[in-house]
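Structural overview
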2 protein chains.
Amino acid sequence: MPHTRRQAVTIKHVAAEAGVSLQTVSRVINNEPNVRPQVQERVHAAVAKLGYVPSLAARRLGGSRSYLILALNDRDRTIDGWRSGEGTDWVDQMLLGGMLKCAEHGYRMIFELVDTHSAHVEREIMAALSSLRPDGVILTPPHGDNPTITELLTRQHIPFARIGSVGDGAGFSISMDDAHAAEVATAHLIALGHRRVGFITGSDEYALSGARLEGWRKAMRAAGRDDSEELIGRGDFTFDSGIAAATALVSLADPATAIVASNDQMALAALHVAEARGLAVPRDLSIVSFDNTPVARFSVPPLTAIAQPIAAMTARAAELLIEAKQGKPDPDAPSVLPFELVVRASTGPCDG
Amino acid sequence: MPHTRRQAVTIKHVAAEAGVSLQTVSRVINNEPNVRPQVQERVHAAVAKLGYVPSLAARRLGGSRSYLILALNDRDRTIDGWRSGEGTDWVDQMLLGGMLKCAEHGYRMIFELVDTHSAHVEREIMAALSSLRPDGVILTPPHGDNPTITELLTRQHIPFARIGSVGDGAGFSISMDDAHAAEVATAHLIALGHRRVGFITGSDEYALSGARLEGWRKAMRAAGRDDSEELIGRGDFTFDSGIAAATALVSLADPATAIVASNDQMALAALHVAEARGLAVPRDLSIVSFDNTPVARFSVPPLTAIAQPIAAMTARAAELLIEAKQGKPDPDAPSVLPFELVVRASTGPCDG
DNA sequence: CTGAAAGCGCTAACAT
DNA sequence: ATGTTAGCGCTTTCAG
């Protein structure tokens, strides 16, 4: 095995080639001021000629930046999604938005799974922070709502972005308007003539669950419809909880003719309940879901759904974190990105 | 902004706490010999007490290992998959297998997109190598079959693994038995009574495309069936190419009653052609696909498919690369991992 | 079995 | 506007 310890071409080689000092090369590659255009030119030429690319490790060790953004996802949920092979593409959309945005700025995104529920969250995260020293951290739901995590990051003075977490507090809040999305979904059903629109909530562990419920309430009230508790099914994002909630909603004395489910899995459960009960979708029961994961388009019928801008949110998160390290002032408002209601075949006029 | 340059707890602190030299701590955390159990004990205690975790950057800079495995995927194909939102979960399965295996060994997997077709592949890859100095590289199809890439890595003396690339040559070859899988898929159809089984190939850019075709041939011949050119549709993994190929196969004077498609997209195209022609699936046309991405289970009818062990292959790749750095001898045979034929509703008895 | 010294490639702080 | 110096936190030599 050859000596792989030494790097082929280092800043020294570039400095020699351009006939300047190390420092000047460093200044040029970091776009710092106080270098004459002519010297810049020469350095750039040397860089190109030698194919020089700075060592991430050396930059991190010598300087105050690591050029690393750490994305933290929930371990169990993520692994379950992967194992199921059902195409929950949260991670893919994050990579699409986050990795590409990082690359634009010469940063890299590193992906890590941590267990929100574990007593060792702190230790797990501290280990990642110590090892990597990332310039910023992206928290995905439900991590952004976990005070143990946000406080740890605050204490460590590491900038972080909370995706899908709407409360204010430390860190950038990046979300879509969940309440408004639920309102739009519900209004869509009301406009189709539905009077009894049920709602299936997500897990309380997620702040957005409450926001979505509020949106449904607002739309129902605005239309003068009943928004009493019996129309609210308590779910936790799992298929099974969707079955229970949907069953209750269609079993009411005055049953729901439409359901808004807080994610695709629970909407699929509603579809399943409809079939078991001999209810045609959308004729007898209309369904709208949240998330718009790939299954939404392949179910029978395909689901009308609220699409979350996951890629856009992650890209924005990366951007804010990178700018924060560059000393740009924080934005004065939370970033709220546009969602989309994708209308498919699971919603139709009320038959009742 | 506080001074974030200094690490909270370094090897020095551990050494002081344990009353030994830096070196001894280093030996202990790297499981090197020549440390008395008693001293090890003390060091471990100090590590635990202080919550010490070594800095990746410093390890890479000081030593000869980076504890980084770089996974290289095809840029266009990957981004298209993400944007389409159709749930191609190649990347997820890679992360499932690769990230978790890396984590087991204290390594990290970094994910990077490079454009196989670009004239700048070399530059793109060299940039990643210079910046990261990974201990190993995982090439996914079609990178493993691209000599520009494999030669570059060989020249740089960086261990690499080729996933889904069967030729021998430098680097670990990790694959499933594509030929045998095609044979099993074809035999499944023959056993159902099909005589005219068509085959839709993948792009020639992928070595596995040829292997799959050979498997089909072998099964057809073994059963005494016609394996002439007219039963072979040339595809390139795209939906459109699948439409053309499937159309030709069902339009033969003696039409195919079953089709093996080299991926799910082309199988969906065959499904589409069947519907347009008024052919019921599986009654009039049976279809088997390769890949078993999430769409395969959500199509109507769901597709019988060959499932690739992507997670297992990536895990194996990571394992071999890590062992290579640790000086373990290379395995004498390529790693061939088991595939699975998942039987769903798109295949049935021949009606002809 | 253990320790001391040197240096990895870069940036920060301080000259000039 | 540029160069010099001193580390960053670790591993690799080399001495004991």
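For every chain, the first residue of the written sequence is number 1, and numbering continues from 1 onward in sequence order. Throughout, the order in which chains and ligands are written sets their labels, letters from A for the former and numbers from 1 for the latter. A pLDDT threshold of at least 70 governs which residues receive local features in this predicted model, and a stricter bar of 80 or more applies before side-chain atom pairs are shown or counted, although totals over entire chains, interfaces and linings include all residues. In computing side-chain values, all of the structure's heavy atoms are included and hydrogens and water are not.

Under the annotation held in an unreviewed UniProt entry, chain A carries the name LacI family DNA-binding transcriptional regulator and is attributed to Sphingomonas gilva.

For the rest of this paragraph, the subject is the layout of surface pockets. Of the pockets and cavities examined, the largest pocket occupies roughly 1600 Å³. Put simply, the grid is 1 Å and covers the protein atoms alone, a cavity is a trapped set of points that fit a 1.4 Å probe, a pocket is an open set with protein on both sides within 12 Å along at least five of seven lines, and lining residues have an atom within 4 Å of a point. Residue lining of the largest pocket: 49 residues in total, with Val 53, Pro 54, Ser 55 and Arg 59 of chain A together with Ser 131 of chain B positioned closest to the centre. Only DSSP runs of H or I covering at least 4 residues are called helices, and only runs of E covering at least 2 are called strands; the numbering of each starts at the N terminus. Taken together, the elements giving at least two residues each to the lining of the largest pocket come down to helix H1 (11-18), helix H2 (22-29), helix H4 (56-62), helix H6 (90-104) and strand E2 (108-114) of chain A together with helix H4 (56-62), strand E2 (108-114) and helix H7 (121-132) of chain B. Residues are grouped as follows: nonpolar covers Ala, Val, Leu, Ile, Met, Phe, Trp, Tyr, Cys and Pro; charged covers Asp, Glu, Lys and Arg; every other residue, Gly included, is treated as polar. Its residues assigned to classes, the lining of the largest pocket shows 22 nonpolar, 15 polar and twelve charged. Each pocket or cavity is described by its volume, and for the second largest pocket that value is around 920 Å³. In terms of lining, the second largest pocket is formed by 30 residues, of which the most central are Ala 103, His 105, Gly 106, Tyr 107 and Arg 108 of chain B. Looking at the lining of the second largest pocket residue by residue, the class counts come to 18 nonpolar, five polar and seven charged. Grid points are joined across faces, edges and corners, and a volume is the space filled by probe spheres set on the points.

All names here are of chain A. By the convention used here, strands pair only if DSSP detects at least 2 bridges between them. Spatial ordering of the open sheet is given by E2-E1-E3-E4-E5-E11, a layout of six strands whose pairing is parallel. With partners counted over all chains shown, the strands left at the sheet margins are E2 and strand E11 (335-337), one partner each. The sheet shows a mean angle of 20 degrees between the axes of neighbouring strands, taken without regard to direction. Note on definitions: a residue-residue contact is assigned when non-hydrogen atoms from the two residues lie within 4.5 Å. Between N-to-C directions, angles cover 0 to 180 degrees, with each direction set by a line fitted to C-alpha atoms, over the stretch in contact for helices. Taken strand by strand, helix H14 (residues 310-325) contacts strand E1 (68-74), strand E3 (136-139), strand E4 (160-163), strand E5 (172-176) and E11, and its axis lies near 165 degrees from that of E5.

The next thing to look at is empty space enclosed by the protein. Tallying each qualifying case throughout the model produces five cavities of 30 Å³ or more. If you trace the largest cavity, you find 16 residues lining it, with Leu 56, Ala 57 and Leu 68 of chain A together with Leu 56 and Leu 68 of chain B closest to the centre. Contributing elements (two or more residues each) for the lining of the largest cavity: H4 and helix H7 (121-132) of chain A together with H4 and H7 of chain B. Tallied by class, the residues present in the lining of the largest cavity amount to ten nonpolar, four polar and two charged.

Here we take up the packing of H7 of chain A against helix H8 (residues 147-155) of chain A. Residues and elements named next belong to chain A. One can describe the packing of H7 onto H8 by two numbers: an axis separation of 10 Å at closest approach and a directional angle of 35 degrees. Here the hand of the crossing between H7 and H8 comes out right-handed. From H7, Val 121, Glu 122, Ile 125, Met 126 and Leu 129 reach across to H8, where they touch Thr 148, Ile 149, Leu 152, Leu 153 and Arg 155. Considering only residue class, the contact of H7 with H8 consists of seven nonpolar, one polar and two charged. Each helix crossing is assigned a hand: it is left-handed if the near helix lies turned anticlockwise from the far helix by less than a right angle, otherwise right-handed if that turn is clockwise.

All right, on to the interface of chain B and chain A then. Contact residues are listed per partner, giving 51 residues for chain B and 51 residues for chain A. The term buried area means the drop in 1.4 Å probe accessible area that two parts suffer when joined, counted for both and summed. Buried area between chain B and chain A, summed over both chains or domains, comes out near 4600 Å², and the portion from carbon and sulfur atoms is 61%. Every case where a carboxyl oxygen of Asp or Glu lies within 4 Å of a side-chain nitrogen of Lys or Arg is listed as a salt bridge. The tally of links from chain B across to chain A stands at four salt bridges. Residue Glu 112 of chain B is joined to Arg 108 of chain A by a salt bridge in which the shortest nitrogen-to-oxygen separation is 2.7 Å.

This part covers the relation of the copies chain B and chain A. Only residues with pLDDT of at least 70 in both copies contribute their C-alpha atoms to the least-squares superposition of the copies. When chain B is fitted to chain A, the residual RMSD is 0.0 Å, and the transformation amounts to a turn of 180 degrees plus an axial shift of 0.0 Å. What the rotation and shift describe, once combined, is the action of a two-fold rotation axis. Here 100% of the contact residues of chain B are again contact residues in chain A; the copies associate through an equivalent surface.

The next thing to look at is helix H10 (residues 207-222) of chain A. All names here are of chain A. Here H10 spans 23 Å end to end across 16 residues, near enough to the 22 Å set by a 1.5 Å rise per residue. For every residue, the accessible area obtained with a 1.4 Å probe (protein chains only) is divided by the maximum for its type, and the residue is called buried under 20%, exposed over 50%, and partly exposed between those limits. Among all positions in H10, only Leu 208, Ser 209, Arg 212, Leu 213, Gly 215, Trp 216, Arg 217, Ala 219 and Met 220 are buried. Where the residues of H10 are buried, they touch E5, helix H9 (178-191), strand E6 (197-200), strand E7 (232-233) and strand E9 (286-291). After H10 finishes, the residue Gly 224 shows a positive phi value of roughly 70 degrees. What a helix should span is 1.5 Å times the count of its residues minus one.

On to the protein's contact with DNA strand C, then. Consider each residue's heavy atoms; a residue with any of them within 4 Å of a molecule or strand counts as near. What surrounds DNA strand C is a group of 29 residues, the closest being Gln 7, Ile 11, Gln 23 and Tyr 52 of chain A together with Thr 24 of chain B. Sugar plus phosphate: this is where 65% of the atoms of DNA strand C within 4 Å of the protein reside. Take Ser 55 of chain A: an N or O atom from its main chain is 3.2 Å from a phosphate oxygen of DNA strand C. A distance of 3.1 Å separates a phosphate oxygen of DNA strand C from a polar side-chain atom of Arg 59 of chain A. Secondary-structure elements contributing two or more residues to the surface near DNA strand C are H2 and H4 of chain A together with helix H2 (22-29) and H4 of chain B. Among the elements that take part in the surface near DNA strand C, H4 of chain A stands out by supplying four residues, more than any other. Across the surface near DNA strand C, the residue classes tally to nine nonpolar, 14 polar and six charged. A 3.5 Å cut-off defines polar contacts: any pair of N or O atoms within that distance qualifies, except that in protein one atom must be a possible hydrogen donor and the other a possible acceptor, and neighbouring residues in sequence count only when both atoms are side-chain atoms.

Let's shift gears to the UniProt feature "domain: HTH lacI-type" (unreviewed entry) in chain A. The UniProt feature table records "domain: HTH lacI-type" (unreviewed entry) at residues 9-63 of chain A. With 67% helix and 0% strand, residues 9-63 of chain A has end C-alpha atoms that lie 19 Å from one another. UniProt positions are given in the numbering used here, feature names are shortened, and annotations may be inferred rather than shown by experiment.

Attention shifts here to the state of the cysteines. What counts as a disulfide here is a pair of cysteine sulfur atoms lying within 2.5 Å. What the rule picks out here adds up to zero disulfides over all chains. A disulfide-free cysteine, Cys 102 of chain A has its sulfur positioned 19 Å from the sulfur of Cys 102 of chain B, the nearest such atom. Using a relative accessible area of 1% as the deciding quantity, one classes Cys 102 of chain A as buried.

A few words now on unusual backbone geometry. All names here are of chain B. Look at the link from Pro 141 to Pro 142: it is a cis peptide, with omega at 0 degrees. As for its placement among the helices and strands, Pro 142 is situated in the loop between strand E3 (136-139) and helix H8 (147-155). Of the consecutive residues Val 300 and Pro 301, the connecting peptide bond is found in the cis state with omega at -10 degrees. Along the polypeptide, Pro 301 turns up in the loop between helix H13 (294-298) and strand E10 (304-307).

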